[in-house]
Every structure is written in structure tokens, then in C-alpha cells.
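Fold and contact review
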Amino acid sequence: MRHGKLYRNMAGGPENRMRLLRTLVNALVKFERIETPFAKAHETQKYAERLIKIAKKGEKDADAMKVADYYLADKKLVHKLFKVLAPRFADKPHGFTRLLHTPGYNFERRAAQMTFLEFKGNPYPPLQPHTRHRNRDWLLNVLVRGAMKDIQEAGVLQEAGYHPNFIGTRVVRSATDKDFSDLRNKLVDISLEDTDRKEDTHNEGTPV
């Protein structure tokens, strides 16, 4: 627990800590979404939030420009900070970034949990679904649609005894783990049958 501590200690001492945070802030401003362990992401979030607040003063403010020059090694990012990010959050007093845990990582130590840190309003597909309305551009939905297309084009659903429209948006939402486990097992059996069939065909053409 970090009772009464304003910042985390990191390996390498204060100089290495600031060097690491500046690198992560540069990456966040450049790509607007990064993935890193929770401890680093949470610490970077504080500096990114503060940087946006200072940048909202405008590029003509000497102190704001000095802070931007310190944290952003690439001077093209200074232009992006004042011309793109600061205007985007002009009407927001705080809450410019978002932290989301990466699914599939189960660490006992929370600090080691892989985490996404992103600026709100970035151009990427959202990592989190909207609770009230379905979002076709949600990253998981994009990946599922791609997998659905590949499976349907391969024609393995018919061989497994399923209707071609078995994998649809509504079915995916209501299907159980057992349904997908049965489908996966059938697809594996079909793959093995295809392999055996190819081997038999090859043997038929072999002279005795």
C-alpha cells in the first residue's frame, strides 16, 4: 500500500524514474494509446493529466512551453500537444485519460497487471463497449466479425452440422462456453479428417 506517498519509487533511482516517465509520456502523446504494467501506467497518467492542464494555457505561455519542451523530446509532439490535444479537452477540467486493464493477464501483484493508458477521444476502436448501445467499432466486435467471416468462408460450419448463420451477433451474446467448446472440438475433428483424407489420396497414387 502507498499510504501518504505522492509517487512510486522505481528501479534506478529518481533520474531513471523521470527518464522512464518522460519516455512513456512521449509515447502516449504520439500514439494516444500505450500498453504497460499498471504501476507505470498509473504513474504516467498523473503526468499526462498535468501536462494537458498546463498545455491548455496556450503555446504563448512561457511556462507551459517550458514544461512541454522538458517532457516531449520530439518537437513535433509539442505542436500536437498545443494544437490537437489541448483543444480537444478545452471544455473538460480533468479526466483526459483512461486506464483499462488488459484482459487475459492474471497477476497476483496489481502493479504487474498489464494496462492500457489512452487519451480519451483517440481515433482507435474503443477498448470498452458502450453499455447502452451496441458499438460495431468496439475492438472485440471488430475481431469477432473478422473471425466470423473467415469461418463462414471456410465452410466448416456446414461440415460441423451448424447452420451457416450460427455465429451471429445475437447468438454470440447468448451462447454458452459449452456451445463454443463443442464447436471447437468439432472443428478440430474436421481438420483431422481432412488431413487423413489428403494422406489417403496421396497413397492412392503411389505405385505398388
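Residues numbered from 1 in each chain as written. Predicted model: local features only at pLDDT ≥ 70, side-chain atom pairs only at ≥ 80, totals over all residues. Heavy atoms only, no water.

1. Remarks on the overall build of the protein
Assigned secondary structure in the protein consists of 8 helices and 3 strands. Along its sequence from the N terminus, the protein presents helices and strands in the succession α-β-α-α-α-β-β-α-α-α-α. With 208 residues in all, the protein has 32% of them scored as buried. By sequence separation, contacts in the protein at least 24 residues apart represent 58% of the contacts at least 6 residues apart. Of the accessible surface of the protein, which amounts to about 14,400 Å², a share of 54% is contributed by carbon and sulfur atoms. (Helix = DSSP H or I, 4+ residues; strand = E, 2+ residues; numbered from the N terminus. Buried < 20%, exposed > 50% of the residue type's maximum accessible area, 1.4 Å probe, protein only. Contact = heavy atoms within 4.5 Å. Areas by Shrake-Rupley, 256 points an atom, 1.4 Å probe, with all protein chains shown as cover.)

2. Notes on the pattern of salt bridges
In the structure shown here, the tally under the stated rule is 8 salt bridges. Where Lys46 meets Glu43, a salt bridge forms, and the shortest distance between an N and an O atom there is 3.4 Å. Remark: Glu43 and Lys46 occur in helix α2 (residues 38–55); sequence separation between them is 3 residues, near one turn of the helix. Judged by its relative accessible area of 1%, Glu43 falls in the buried class. (Salt bridge = Lys/Arg side-chain N within 4 Å of Asp/Glu carboxyl O.)

3. Here's the deal with the side chain of Glu32
Among the structural elements, Glu32 can be located in the loop between α1 (13–31) and β1 (33–37). On the basis of relative accessibility, which here comes to 5%, the residue Glu32 falls in the buried class. A distance of 3.2 Å separates the side chain of Glu32 from the side chain of Lys80, its partner in a polar contact. One polar contact links Glu32 to Arg88, side chain to side chain, over a distance of 2.9 Å. The contact partners of Glu32, leaving out residues within four places of it in the chain, are Ala27, Lys80, Leu85, Arg88, Leu117, Glu118, Phe119, Asn122, Pro123 and Tyr124. (Polar contact = N/O pair within 3.5 Å; in protein donor to acceptor, adjacent residues only side chain to side chain.)

4. As for a positive patch on the surface
Together, Arg50, Lys53, Lys56, Lys57 and Lys92 make up a region of like positive charge exposed at the surface. As for its placement among the helices and strands, Arg50 is situated in helix α2. By relative accessible area, which is 52% here, Arg50 ends up exposed. (Patch = residues over 30% accessible without salt bridge, like charges linked within 9 Å, V, L, I, M, F, W, Y side chains within 5 Å. Lys, Arg positive; Asp, Glu negative; His and termini not counted. Charge placed at Lys NZ, Arg CZ, Asp CG, Glu CD.)

5. A word on α1
The terminal C-alpha atoms of α1, which comprises 19 residues, lie 27 Å apart, in line with the 27 Å expected from a rise of 1.5 Å per residue. Arg17, Met18, Leu21, Leu24, Val25, Asn26, Leu28 and Val29 are the residues of α1 that are buried. Against the buried residues of α1 lie β1, α2, α3 (62–71), α4 (75–88) and β3 (114–119). Positive phi shows up at Glu32, right after α1, with a value of about 65 degrees. (Expected span 1.5 Å × (residues − 1).)

6. Comments concerning the confidence of the model for the protein
A low pLDDT score tells you not to read the predicted coordinates there in detail. Averaged over the protein, the pLDDT score is 76; the fraction of residues at 70 or greater is 60%. Confidence drops under pLDDT 50 across residues 168–175; counting only partners more than four residues distant or on other chains, this segment forms 8 contacts. Confidence drops under a pLDDT of 50 for residues 194–208, and excluding neighbours within four residues, the segment shows 1 contact in the predicted structure. (pLDDT = per-residue confidence, 0-100.)

7. Things to note about the sheet that holds β3
Across the sheet, which stays open at both edges, the 3 strands sit in the order β1-β3-β2 with antiparallel pairing between neighbours. Two strands in the sheet have a free side with no partner beyond their single neighbour: β1 and β2 (97–101). Put simply, the sheet's adjacent strands are angled 25 degrees from each other on average, direction ignored. In this sheet, β3 lies alongside β1 in antiparallel orientation, the contact comprising 5 bridges. Across the sheet, residue Arg33 finds its bridge partner in β3, namely Glu118. (Pairing = 2+ DSSP bridges. Axes fitted to C-alpha atoms, helices over the stretch in contact; angles between N-to-C directions.)

8. Some words on the packing of aromatic side chains
Note on aromatic pairs: each is described by the distance of the centres and the angle between the planes. Summed over all chains, the structure comprises 4 aromatic pairs. Taking the centre distance of 5.0 Å and the plane angle of 85 degrees together, the rings of Tyr70 and Tyr71 count as edge-to-face. Considering the side-chain rings of Phe89 and Phe119, the 6.2 Å spacing of their centres and the 40 degrees angle between planes classify their relative orientation as tilted. With a gap of 30 residues between them, Phe89 in the loop between α4 and β2 and Phe119 in strand β3 connect regions that are remote in the sequence. You'll find Phe89 and Phe119 in the same group, each marked buried. (Phe/Tyr/Trp six-rings, centres within 6.5 Å; stacked < 30°, edge-to-face > 60°.)

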